[in-house]
Amino acid sequence: MNSRNILIALIAAFVLNAESLYAQSSDYKANREHKGLIWSALHGLDYEFKAGVNIGGTSPLPLPQEIRSIESYKPGLGIALEGNATKWLGKEQKWGVSVGLRLESKTMTTEATVKNYGMEIFNEVGGKIQGIWTGGVRTKVRTSYLTVPILANLKIGNRWKVSAGPYLSYMMEGDFSGNVYEGHLRTPDATGSRVNFSGENIATYDFSNELRRFQWGLQAGGTWKAYKHLNVHADLTWGLNDIFQKDFKTISFAMYPIYLNFGFGYEF
C-alpha cells in the first residue's frame, strides 16, 4: 500500500471515529436533558420563557385638581422578556410559588391642560426657571427596568392558571421630559411675576434625573395553555411607590406606573 492510500485510509478512519463520537455525545446530551426534565417534573418544577408588550401609563391616583383635562394619550411599544421557575406544592400540585427575572420597558406620551402645576423649565440661555404653570403640558415617559416578580400561582383545571404577588424593579434607564405651551408661568410662586407662552413659543423640561431607581408594586394575571408548551398570558402591574425621588418637590403629587403586559410563553 502506497503512502497515498495509507493517508486516505487514515482520514476515513478519523471521519468515521469522529462521527461515532459526535453521535455518542449527542445521545448523551439529549439523554441528560431528558433526565433533567424528568427530574424537574418529579420535583414539581416548571420553567417558562415569556415575551410580551407593556401598554399603560404613569399617572397620579386619583387625578389631582391641578390636572384639569387629558387632551391625548399615546401608549408606546414596551417590550418585556422574562424567564421564571415555578415550584408546585402538595400532592395535587394546584398551588405553586414562582420567581422570575424580567427585562422590560414602559413608555407613553400624554398631553394635558393643567392649572397651578409645579414646573421647572429651561429658559433661552440654558438656565432653569421654577414656578407654577397654567396651560398645556406635553409629557414623554420612557423607562427600562430589571424586574423580579415573586408570585403565588393557582391552577384552575388543565388549561388555566392565575397568579398574584409583589414585584421589585431596578430602573436601568429613565426619561421623563416634555414641554409646556399655550399658557403662563408664575415664578417663583403663584403670586410672582408672569411669563407668557403662546403660538410656537414653548419651553422644555426634563425631570429624568429625579426618577427613583428602585420601585415596587403588585402584579396579578392569568395564563391560558393554548398547546402543550405554548401559553398565552396577561398580567397587570401596579406600582405602589412614587416614580420620583423622595426629595423631589417640583411636582407636588405622586405618580405610579400602571401597565398591562400580554404575550406568549413557552413552558417546559
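Residues numbered from 1 in each chain as written. Predicted model: local features only at pLDDT ≥ 70, side-chain atom pairs only at ≥ 80, totals over all residues. Heavy atoms only, no water.

Caption draft 1: Highlighting the overall build of the chain. Counting secondary structure elements, the chain contains one helix and eleven strands. Helices and strands in the chain line up, N terminus first, as α-β-β-β-β-β-β-β-β-β-β-β. Here the chain holds 268 residues, and 38% of them are scored as buried. Considering only intrachain contacts with a sequence separation of at least 6, the fraction spanning at least 24 residues in the chain is 71%. Looking at the chain as shown, the accessible area adds up to about 15800 Å², and 62% of this sits on carbon and sulfur atoms. (Helix = DSSP H or I, 4+ residues; strand = E, 2+ residues; numbered from the N terminus. Buried < 20%, exposed > 50% of the residue type's maximum accessible area, 1.4 Å probe, protein only. Contact = heavy atoms within 4.5 Å. Areas by Shrake-Rupley, 256 points an atom, 1.4 Å probe, with all protein chains shown as cover.)

Caption draft 2: Looking closely at the nonpolar core. Core analysis: the largest hydrophobic core is formed by 27 residues, its most contacted members being M119, F176 and F244. Elements with a contribution of two residues or more to this core: β4 (95-122), β5 (128-156), β6 (160-187) and β8 (203-206). Considering each element in turn, this core owes the most residues, six residues, to β4. Every residue in contact with F176, bar those within four places of it in the chain, is listed here: T139, K140, V141, Y205, D206, F207, S208, L211, I243, F244, I251 and M255. (Core = buried A, V, L, I, M, F, W, Y, C linked by side-chain atoms within 4.5 Å.)

Caption draft 3: Seen up close, the pairing of strand β3 (residues 78-89). Side chains of β3 alternate between two faces, with G78, A80, E82, N84, T86 and W88 buried and I79, L81, G83, A85, K87 and L89 left unburied. Note that β3 and β4 share ten bridges and pair antiparallel. Bridge pairing links N84 to G100 in β4. Linking β3 to β4, which pair antiparallel, is a turn of five residues; within it G90 sits at a positive phi near 80 degrees. (Pairing = 2+ DSSP bridges.)

Caption draft 4: Quick look at empty space enclosed by the protein. Under the counting rule described, the total for this entry stands at four cavities of 30 Å³ or more. Per-class residue counts for the lining of the largest cavity are two nonpolar, eight polar and five charged. Here the second largest cavity defines a volume of roughly 70 Å³. Lining the second largest cavity are 13 residues, with E82, R102, H233, D235 and N261 sitting closest to its centre. Taken together, the elements giving at least two residues each to the lining of the second largest cavity come down to β1 (45-59), β3, β4 and β10 (230-239). Tallying contributions element by element places β1 first for the lining of the second largest cavity, with four residues. Across the lining of the second largest cavity, the residue classes tally to two nonpolar, six polar and five charged. (1 Å grid on protein atoms, 1.4 Å probe; cavity = no way out; pocket = protein on both sides within 12 Å on 5 of 7 lines; lining within 4 Å. Points joined across faces, edges and corners; volume = space filled by probe spheres on them. Nonpolar A, V, L, I, M, F, W, Y, C, P; charged D, E, K, R; others polar.)

Caption draft 5: Region of interest: the side chain of S208. Here S208 is to be found in the loop between β8 and β9 (214-225). Overall, S208 belongs to the buried group, its relative accessible area being 14%. At 3.2 Å, the side chain of S208 forms a polar contact with the side chain of D175. In terms of polar contacts, S208 uses its side chain to reach the side chain of D206, at 2.6 Å. (Polar contact = N/O pair within 3.5 Å; in protein donor to acceptor, adjacent residues only side chain to side chain.)

Caption draft 6: Quick peek at the confidence of the model for the chain. Mean pLDDT over the chain: 86, with 82% of residues reaching 70 or higher. Across residues 28-34, confidence stays below pLDDT 50; counting only partners more than four residues off in sequence or on other chains, it has zero contacts. (pLDDT = per-residue confidence, 0-100.)

Caption draft 7: Structural context of the pattern of salt bridges. Per the stated rule, a full pass over the model turns up seven salt bridges. Residue E104 is joined to R102 by a salt bridge in which the shortest nitrogen-to-oxygen separation is 3.2 Å. Both residues of the pair, E104 and R102, count as buried. Each of E82, R102 and E104 takes part in a single network of salt bridges with overlapping partners. (Salt bridge = Lys/Arg side-chain N within 4 Å of Asp/Glu carboxyl O.)

Caption draft 8: Here's a closer look at the pairing of β8. Burial along β8 is one-sided: A203 and Y205 are buried, while T204 and D206, pointing the other way, are not. Where β6 meets β8, four bridges bridge the pair, whose relative direction is antiparallel. By the bridge assignment, S177 is partnered in β8 with D206.

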